[in-house]
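Coordinate analysis (summary)
Okay, here's what each chain looks like letter by letter:
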Amino acid sequence: MMYITSIVFTLIAWGAGLLLDANIHFGDPQGFLCLRVLLPVLAMGLCLLRAMKENKRDGDK
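These figures come from a predicted structure and were not determined experimentally. (Residues numbered from 1 in each chain as written. Predicted model: local features only at pLDDT ≥ 70, side-chain atom pairs only at ≥ 80, totals over all residues. Heavy atoms only, no water.)

As a further point, take the packing of helix 1 (residues 2-23) against helix 2 (residues 35-60). Viewed as axis vectors pointing N to C, helix 1 and helix 2 meet at an angle of 155 degrees, and their least axial separation amounts to 7 Å. Taken together, helix 1 and helix 2 sit at an angle that is classed as roughly antiparallel. The interaxial crossing formed by helix 1 with helix 2 has right-handed handedness. For the pair helix 1 and helix 2, contact is made by Met2, Thr5, Ser6, Phe9, Thr10, Ala13, Trp14, Ala16, Gly17, Leu18, Leu20 and Asp21 and by Leu35, Arg36, Leu39, Pro40, Ala43, Met44, Cys47, Arg50 and Ala51, respectively. Class assignment for the residues of the contact of helix 1 with helix 2 results in 14 nonpolar, four polar and three charged. (Axes fitted to C-alpha atoms, helices over the stretch in contact; angles between N-to-C directions. Helix = DSSP H or I, 4+ residues; strand = E, 2+ residues; numbered from the N terminus. Parallel < 35°, antiparallel > 145°, perpendicular 65-115°, else oblique. Left-handed = near helix turned anticlockwise from the far one by under 90°. Contact = heavy atoms within 4.5 Å. Nonpolar A, V, L, I, M, F, W, Y, C, P; charged D, E, K, R; others polar.)

Before going further, it helps to examine helix 1. When the terminal C-alpha atoms of helix 1 are compared, their 32 Å separation across 22 residues agrees well with the 32 Å that a helix rising 1.5 Å per residue should span. When we look at burial in helix 1, the residues that qualify are Thr5, Ser6, Thr10, Ala13, Gly17 and Asp21. Down the axis, helix 1 shows its buried residues gathered within 125 degrees of arc, on one side only. Away from its buried face by more than 90 degrees, helix 1 exposes Ile4, Leu11, Ile12, Leu19 and Asn23. (Expected span 1.5 Å × (residues − 1). Buried < 20%, exposed > 50% of the residue type's maximum accessible area, 1.4 Å probe, protein only. Arc of directions from axis to C-beta.)

Just geometry here; none of it tells us what the structure is for.
Here's what the structure looks like:
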């Protein structure tokens, strides 16, 4: 179940980053803020941290 949750949240974050990159016009010569890369990395990192926290909590019992 953890894998499906991670995949879903990462894809949602990628879609949100893609929409934001397309609609926010920043003065960068490339024309985007790389949010389509940053947001999925953050989402996957948060999913991994949550899984590690739950794993540690289950190990303490």
